[in-house]
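One-letter residues, chain by chain:
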Amino acid sequence: MASLKDMRVRIASTKATQKITKAMQMVAASKLRRAQNAAEAARPYAEKMDAVISNIAAAASASPGAPPLLAGTGKDQVHLLLVCTGERGLSGAFNSAIVRLARERANSLIAQGKEVKFFCVGRKGYEQLRRNFDRQIVEHLELRSVRQLGFVNAEDIATKVLARFDAGEFDVCTLFYSRFQSVISQIPTAQQVIPLEVATPTAHAGPATSYDYEPEEDEILTGLLPRNLAVQIFRALLENNASFYGAQMSAMDNATRNAGEMIRKQTLIYNRTRQAMITKELIEIISGAEAV
Amino acid sequence: MTTFHFDLVSPEKLAFSGEVDQVDVPGVEGDFGVLAGHAPVVAAVRPGILTIITAGKREKVIVLGGLAEMSDKGLTVLADVATAIADLDRTKFSETIKGMEEKLAEKEGSELDNAIERLDHFKSIENELNTTAMH
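Residues numbered from 1 in each chain as written. Chains lettered and ligands numbered in written order. Predicted model: local features only at pLDDT ≥ 70, side-chain atom pairs only at ≥ 80, totals over all residues.

## Comments concerning the overall build of chain B
Put simply, the test is: Only DSSP runs of H or I reaching four residues or more are called helices, and only runs of E reaching two or more are called strands; each is numbered from the N terminus. Restricting the calculation to C-alpha atoms gives the radius of gyration, and the globule rule supplies 2.2 Å times the number of residues raised to the power 0.38. With C-beta atoms placed from the backbone, a residue counts as buried when 20 or more other C-beta atoms lie within 10 Å of its own, as exposed when 12 or fewer do, and as partly exposed for counts between those limits.
Scanning chain B from N- to C-terminus turns up two helices and 10 strands. Traced from its N-terminal end to its C-terminal end, chain B shows the element sequence β-β-β-β-β-β-β-β-β-β-α-α. Here the C-alpha radius of gyration of chain B, 16 Å, is about what a compact globule of 135 residues would show, namely 14 Å. Its C-alpha atoms put chain B at 50 × 35 × 25 Å along the principal axes. The 135 residues of chain B split such that 27% are buried.

## Structural notes on helix 5 (residues 151–166) of chain A
All names here are of chain A. Inclusion rule: To estimate how far a helix should reach, multiply one less than its number of residues by 1.5 Å. This arc is built from the directions going out from the helix axis to the C-beta atoms. For the purpose of contact definition, each residue receives a C-beta atom placed from its backbone, and two residues are in contact when these atoms lie within 7 Å.
The end-to-end C-alpha distance of helix 5 is 22 Å, a good match for the 22 Å that 16 residues give at a rise of 1.5 Å each. Taken residue by residue, helix 5 has Phe 151, Ala 154, Ile 157, Ala 158, Val 161 and Phe 165 as its buried positions. Angularly, the buried residues of helix 5 cover 125° about the axis, an arc narrow enough to put them on a single face. With respect to the buried face of helix 5, the exposed residues turned more than 90 degrees away are Ala 163 and Asp 166. Buried positions along helix 5 lie against strand 1 (78–84), strand 2 (115–121), strand 3 (137–141), strand 4 (172–182), strand 5 (185–194) and helix 6 (217–291). With its phi angle positive at about 75°, Gly 168 sits one or two positions after the end of helix 5.

## Some thoughts on the pairing of strand 8 (residues 66–71) of chain B
Residues and elements named next belong to chain B. Which entries qualify depends on this criterion: Only strands that DSSP links by at least two bridges are regarded as paired with each other.
Burial analysis of strand 8 places five of its six residues in the buried class, which makes it a mostly covered element. As defined by bridge partners, strand 5 (residues 41–45) adjoins strand 8 across five bridges and the pair is classed as antiparallel. Bridge assignment links Val 41 to a residue of strand 8, and that residue is Met 70. Adjacent in sequence and paired antiparallel, strand 8 and strand 9 (residues 74–79) are bridged by two residues.

## Comments concerning the nonpolar core
This is how the line gets drawn: Each nonpolar core consists of buried Ala, Val, Leu, Ile, Met, Phe, Trp, Tyr and Cys residues. Their C-beta atoms, within 7 Å, join them into a set.
One finds Leu 82, Val 83, Phe 176, Ile 233 and Phe 234 of chain A together with Leu 8 and Val 77 of chain B to be the most contacted residues of the largest nonpolar core, which totals 92 residues. At 19 residues, the largest contribution of residues to this core is made by helix 6 of chain A.

## Regarding the sheet that holds strand 2 of chain A
All names here are of chain A. The condition that has to hold: Axis lines are fitted to C-alpha atoms, over the contacting stretch for helices. Their N-to-C directions set the angle, which ranges from 0 to 180 degrees.
Spatially, 3-2-1-4-5 is the arrangement adopted by the five strands of the open sheet, whose pairing is mixed. The strands lining the two open edges of the sheet, one partner per strand, are strand 3 and strand 5. Here the average twist between neighbouring strands, direction ignored, is 20°. Where helix 4 (residues 123–133) meets the sheet, its contacts fall on strand 1, strand 2 and strand 3, and the angle it forms with strand 2 comes to roughly 155°. Each of strand 1, strand 4 and strand 5 touches helix 6; the most contacted strand, strand 4, lies at about 40° to it.

## Considering the interface of chain B and chain A
Facing 21 residues of chain B, the contacting portion of chain A comprises 21 residues. Elements supplying a minimum of two residues to the side of chain B that touches chain A: strand 5, strand 8 and strand 9 of chain B. In this sheet, strand 5 of chain B lies alongside strand 6 (residues 212–214) of chain A in parallel orientation, the contact comprising three bridges. In the strand pairing of strand 5 of chain B, Glu 214 of chain A is matched with Ala 43 of chain B.

## Description of the environment of Lys 73 of chain B
Residue and element names in this part refer to chain B. Note on placement: Lys 73 falls in the loop between strand 8 and strand 9. Note on Lys 73: 12 C-beta atoms within 10 Å, which makes it exposed. Counting along the chain gives 60 residues from Lys 73 to Lys 13, while the straight-line C-alpha distance between them is 20 Å.

## Here's the deal with the packing of helix 3 (residues 94–111) of chain A against helix 4 of chain A
Residues and elements named next belong to chain A. Selection criterion: Definitions for this section: a left-handed crossing has its near helix turned counterclockwise from the far helix by less than a right angle. A right-handed crossing has that turn clockwise.
Two numbers describe how helix 3 lies on helix 4: the axes approach to 10 Å, and their chain directions differ by 35°. By crossing handedness, the relation of helix 3 to helix 4 is classed as right-handed. Of helix 4, the residues touching helix 3 (which contributes Asn 95, Ser 96, Ile 98, Val 99, Arg 103 and Ala 106) are Lys 124, Gly 125, Gln 128, Leu 129, Asn 132 and Phe 133.

## Comments concerning the packing of helix 5 of chain A against helix 6 of chain A
Residue and element names in this part refer to chain A. Note the cut-off: Any angle that falls under 35 degrees is termed roughly parallel, while one over 145 is termed roughly antiparallel, one within 65 to 115 roughly perpendicular, and all others oblique. Note on residue categories: nonpolar means Ala, Val, Leu, Ile, Met, Phe, Trp, Tyr, Cys or Pro, charged means Asp, Glu, Lys or Arg, and polar means any other residue, Gly included.
At a closest axis distance of 8 Å, the pairing of helix 5 and helix 6 adopts a crossing angle of 125°. Classified by the angle between their axes, helix 5 and helix 6 sit oblique to one another. In the crossing of helix 5 with helix 6, the sense of the turn from one axis to the other is right-handed. Counted together, Phe 151, Asn 153, Ala 154, Glu 155, Ile 157, Ala 158, Val 161 and Leu 162 of helix 5 and Pro 226, Leu 229, Ala 230, Ile 233, Phe 234 and Leu 237 of helix 6 form the full contact between these two elements. In terms of residue class, the contact of helix 5 with helix 6 is built from 12 nonpolar, one polar and one charged.

## Points about the pairing of strand 4 (residues 30–35) of chain B
Residue and element names in this part refer to chain B. Pairing of strand 3 (residues 22–27) with strand 4 involves six bridges; the strand directions are antiparallel. Bridge assignment links Val 25 to a residue of strand 4, and that residue is Phe 32. Between strand 3 and the antiparallel strand that follows it, strand 4, lie two residues.

## Quick look at the domain arrangement of chain B
All names here are of chain B. Here is the rule: For each domain, the first and last residues come from an automatic or database assignment.
Domain annotation of chain B identifies domain 1 (4–85) and domain 2 (89–134). Between the C-alpha centres of domain 1 and domain 2 there is a distance of 22 Å. Of the residues lining the interface, five residues belong to domain 1; the matching set on domain 2 comes to five residues. Taken together, the residues that form the side of domain 1 that touches domain 2 break down as three nonpolar, one polar and one charged.

Next up, the structure:
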């Protein structure tokens, strides 16, 4: 049985762990607020972009000369899965939830006889996917050194994806990330970005405004579609960032609570043992005194 | 004077939102001024200086490309980058231009044309900045 001293050491170490998890929780909470603000600040741009694109695209996608980013390559043989995960762990199921979704999608595509390629953004996703799909990972990128996520990071990824698309390396691109619902709920999401799925503008109230275009419609569209990809990736990265801190916050909250529970139990055992020893010593003293 | 609603959004933030009298937008095919009741138009924006006029006051914002959309709800400019002139770091800006000039050598074909065009836009912004800085 562990001696009293051993138990004291153990309790102290659990307390130290609790302090760390508590600190991590608070750091995550403050970072979460910033990440959430960033995600909200990016929303108007993405929404306007969606509105404009769906307006122009509805007219353009029907015409035969539609750009491949919108109309697709006409095949869906090769799929590129763009998996965005976090750089660090200690965030509950955040990373594995995204990876699981991507893996399920990949397996079902492979079962259908399609070819699958991966583009991993973030270290954690790469590490997990490497186990099953090492050969299919065509590129991976770490954002570890990035302190503040900027639009340039997203643009960088978009350029790499577009280069592969132009080289004919894949037909369909799907983006995997975690949508931030609330602190306790982050939803892993798959979103097809190439070819772009356009929401039909009929859903909007009122007749569609007929715009003048300057320069021509298709010229604007050709410039806009690659930008839109970058915007979608940027939004995914920001949502991911907010989700990561949300997940980390609740994970660390749990850890702090578990540590508290453990400390309570250990202290109880410690006290019980201590009392038992005192009682034993008393008995020894008393029986010793009686014997005299 | 009737006003209209104007939003200037960049991917990172909502740079401007409010009622304005007039906005001068640097379009790809030339600058154009927008007043209330402008016909609906979608126009590509070149890197340049966008002027917002509210009650006689002029506010200048540097936009680096994007898209302008005028509808009955007002004008929306989706700018790749939007920086108020006051916030611009001039030395950094001229460094960007230098970097672009150096990269020109590596490019060819239509990519080179695009790069030169973009560089010209940047230079004209810098030129305008330096000439108006005296006032």
